[in-house]
Each structure stands twice: as structure tokens, then as C-alpha cells.
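# Per-entry structural report
Here are the chains, one letter per residue:
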Amino acid sequence: MTEGTKGVIAMIVTCTIWGLSGIFYKLLAHIPPEQVLSHRILWSGVFFACILAVQGRVDQLVAALTQWRRVRVLMLATAMISLNWFIFITSVQIERATESSLGYYIFPLVSVVLGRVFFGEHLSRAQGLAIGLATFAVALLTYGLGVAPWIALVLGFSFAIYGVVKKGLDIGPVVSVTAEVWLLFPIAILVILLTGGGGIQGSWRDAGLLMLSGPLTGAPLILFSYAARRVALGSIGVLQYINPTLQALVATVVFGELFTPWHGAAFGLIWGAVIIFSLSALQKSHQETRDAQAVKTPERS
């Protein structure tokens, strides 16, 4: 199995977990989002620390957090992922998970644009058309609802920037994600102390769910970091559609959220962009496979 194939599998598992995670955070909707986020950071930190301790790599974490060049990059990644977590948790609690799913539909297209800007990845006409349709979808939804879908925009852009930052890190996925969480650790502890336990004192059920948020957060983040370093941003974009599709189904079928005609029109445009973008990516992938096979096949005299 090639490294690229491993990255694709890791991305599929990651997106499935993320797509269904709204169900988990709905169970904690009675606890303020900043408290849920603080426990998510706390128990993620514990989860990651245990993994590194078992692997005997705590020294790598110390090295990452004592080199200013890396810390600057990690701080930007930390800011983006913590913002993403908070907005997602809030969207589930205020019954706007449908809009959050739109954000994760937008993210792959933003990711492709950033891949072009920062890494020189090729942007085909089909991809350009898909990005144009997504932009029009956001504008249409803004007009129809009378307000910009800020949840979708913040989620889409914050996670796209996070992916770009992760691409530039020269440390392993477990170490990098652990460093991000530990940079937030003091703030999380402070919030929990100031709120008298941050919701964990409510019941054994709440305490168990808040603690479970650690591995539920940690496992897919490690997989995402693993995939981001082995798969091109364009390919990550295609696979990412598993996440918002599951999120949208959970929001409408499980949560019963309102789905207006304006939402229908916007999602229709987004799905059109998805089809165009995916077909383009598949065509590119097939062409790269043929080119690779042609290089490996010796010429006959």
C-alpha cells in the first residue's frame, strides 16, 4: 500500500467521524459551548500526552514547543482549529448545523484556491467553475436569508487555512496536533476553574461525555494530519465532501432543522460544484496514473 493510498483511507475515516460528530455534541447542548470546548481541549491534551508517552516521544513535543519558528506556525494552526471547534459546537447548540455543513462544503473549494496560491497547485477550468458556483451559492443564500451565512464562512475558511498551515509543518502528525492542543491548555484550564468545573459537575453522564470528547477529537485530528502530508490539497478537497454530506443528513433528518427553499437552491448549486469538481479530480487522477505507468514501461526497440 502506497503512502498516498494510506492518506486517502485516513481521510475517509476522518471525514466519517466528523460528519457524525454533531450527534455527539447535541448530547451536550445544555452546557455552554465555551465549557464544552475547554473540556475538549483538556481531554484531547490528556489523550495526546498518553499516546506520546507510550511511544516514548515526549522529547519531540518538548523540542517542537521550544523552537520559536515552529511555535509561530503552531500558534496559527491552534488559532484556526480552536475557532473551528467553537463555531461548530455553537452551531449545533443553536440549531444551525445545516449551515455548518454548508461551511464544510465550501472548505474544499477554498482549500483548492489556497493550494494554488501557496503551493502552486494547478487550478483547472472545471475547478474554477466549481469555485464560481460555490461563490454564487453563498451570495444567493445571503440574499435569501437577509444575512451572510457567517457560520459557514468561518468554518470553511478557518479549516482551509488550518490545512495550509499543517502542510508546512516538518514534524509528525501526533506531535504537531499535541503541540497545538497544549498551547491552548492553560486557557482551557482557566475556563474550567472559573466556571466551577465547566459542566463536568452536572452529572456522571455529562462528565463521561466531556471526557470522551478527548479521544473523539484526537483520533480524527491525528488522521487528518497524517493525510494532509501525503495527499494533495485538491484530493483532500474531494474526500472532504463525505463530512458535510453526513452533517447535512444529521441536521435535517436527525435534528429536524428547517431547510428553506433558499437553502435548497444554495445546496443545489454547491452539489453542482461538487460534481464538476469531483469529475475533474478523477480525470486528473486517471491521467496521472497513466503518465506514471508510461514512465515505468520501457520503450520497445
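These notes cover the structure that comes with them. Once a new chain begins, its residue numbering starts again from 1 and follows that chain's sequence as written. Under the rules for a predicted model, residues below a pLDDT of 70 receive no local features and side-chain atom pairs below 80 are neither given nor counted, while totals for whole chains, interfaces and linings still include all residues. Remark: hydrogens and water are excluded; side-chain values derive from all non-hydrogen atoms of the structure.

Bringing the overall build of the chain into the picture now. Elements are defined by DSSP. Helices are runs of H or I of four residues or more, strands are runs of E of two residues or more, and each kind is numbered from the N terminus. Across its full length, the chain carries 12 helices and 0 strands. Listing each helix as α and each strand as β along the chain from the N terminus yields α-α-α-α-α-α-α-α-α-α-α-α. Here the radius of gyration uses the C-alpha set of atoms, whereas the globule reference equals 2.2 Å times the residue count to the power 0.38. The C-alpha radius of gyration computed for the chain amounts to 20 Å, which stays within 12% of the reference 19 Å derived for 301 residues, consistent with globular compactness. C-alpha extents for the chain along the principal axes are approximately 75 × 55 × 30 Å. Burial status follows relative accessibility: with a 1.4 Å probe on protein chains alone, a residue under 20% of its type maximum counts as buried, one over 50% as exposed, and anything between as partly exposed. The 301 residues of the chain split such that 48% are buried. For the chain, restricting intrachain contacts to residue pairs at least 6 apart in sequence, the fraction spanning at least 24 positions comes to 86%. Working rule for contacts: check all heavy atoms of both residues, and any pair within 4.5 Å makes them a contact.

What follows covers the environment of N84. Turning to its location among the elements, N84 is positioned in helix 4 (residues 68–93). Using a relative accessible area of 4% as the deciding quantity, one classes N84 as buried. Between the C-alpha atom of N84 and that of L155, which follows or precedes it by 71 residues, the distance is 5.5 Å. Setting aside chain neighbours within four positions, we find N84 in contact with Y104, L155, S158 and F159. Throughout this description, a polar contact denotes any pair of N or O atoms lying within 3.5 Å of each other; where both atoms belong to protein, one of them has to be capable of donating a hydrogen while the other can accept it, and for residues adjacent in sequence the pair is counted only when both atoms sit in side chains. Within the structure, the side chain of N84 is placed 3.2 Å from the backbone oxygen of L155, a separation counted as a polar contact.

Another point: the pattern of salt bridges. Whenever Lys or Arg places a side-chain nitrogen within 4 Å of a carboxyl oxygen from Asp or Glu, that contact is recorded as a salt bridge. Enumeration over the complete set of coordinates arrives at 3 salt bridges. For R96, the salt bridge identified is with E99, shortest N-O distance 2.6 Å.

Bringing unusual backbone geometry into the picture now. Of note, E95 is a non-glycine position whose phi angle comes to about 60°, a positive value. Summarising the element assignment, E95 is placed in the loop between helix 4 and helix 5 (97–119).

To continue, consider the nonpolar core. Grouping buried Ala, Val, Leu, Ile, Met, Phe, Trp, Tyr and Cys residues that are joined through side-chain atoms within 4.5 Å yields what is termed a nonpolar core. If you look at the biggest cluster of nonpolar residues, it comprises 78 residues, and the most contacted ones within it are L28, L109, Y162 and F224. Those residues in contact with L28 that lie beyond four places of it in its chain are V36, Q93, D206, L209 and L210.

Lines fitted to C-alpha atoms define the axes, with helix axes restricted to the stretch in contact, and inter-axis angles between N-to-C directions lie between 0 and 180 degrees. With their axes 8 Å apart at the nearest point, helix 1 (residues 3–26) and helix 9 (residues 204–228) run at an angle of 150° to one another. Compared by their axis directions, helix 1 and helix 9 come out roughly antiparallel. For the pair helix 1 and helix 9, the crossing hand works out as left-handed. When helix 1 is examined against helix 9, the residues E3, K6, G7, A10, M11, V13, T14, I17, W18, F24 and Y25 are found in contact with a partner set consisting of L209, L212, S213, L216, T217, P220, L223, F224, Y226 and A227. Roughly parallel means an angle under 35 degrees; roughly antiparallel, over 145; roughly perpendicular, 65 to 115; everything else is oblique. For any pair of crossing helices, the crossing counts as left-handed if the nearer helix is rotated counterclockwise from the farther one by less than a right angle, and right-handed if it is rotated clockwise.

This part is about the packing of aromatic side chains. Put simply, two rings from Phe, Tyr or Trp (the six-membered ring, in Trp's case) pair if the centres are within 6.5 Å, and we call them stacked under 30 degrees between planes, edge-to-face over 60, tilted for the rest. Under the defined criterion, the tally for this structure stands at 14 aromatic pairs. Relative to F267, the ring of Y105 has its centre 5.9 Å away and its plane inclined at 90°; by these criteria the two rings are edge-to-face. Residue Y105 is found in helix 5, and its partner F267 is found in helix 12 (residues 261–296); the two are separated by 162 residues along the sequence. Accessibility assignment for this pair places Y105 and F267 in one class, buried. Between Y143 and W262, the ring centres sit 5.8 Å apart and the planes meet at 80°, which makes this aromatic pair edge-to-face. A residue pair is termed long-range when its members are at least 10 positions apart, and Y143 in helix 6 (residues 125–145) and W262 in helix 12 qualify at 119 residues. Under the relative-accessibility criterion, W262 is labelled partly exposed at 34%. Aromatic ring contacts, followed pair by pair, group W18, F24, Y25, F88, Y104, F107, F159 and Y162 into a single cluster.

Take the side chain of T14 next. Following the sequence through the fold, T14 ends up in helix 1. Not counting residues up to four positions away in its chain, the partners in contact with T14 are P220, L223 and F224.

Bringing helix 8 (residues 173–194) into the picture now. What a helix is expected to span follows from its residue count: subtract one and scale by 1.5 Å. Counted at 1.5 Å a residue, the expected span for helix 8 with its 22 residues is 32 Å, and the 32 Å between its end C-alpha atoms agrees. Given a residue, its bend is the angle between the two axes fitted to the seven residues that end at it and to the seven that start from it. The largest bend in helix 8 is about 45°, located at F185, with the proline P186 one to four residues further on. A positive phi of about 65° marks G196, the residue just after helix 8.

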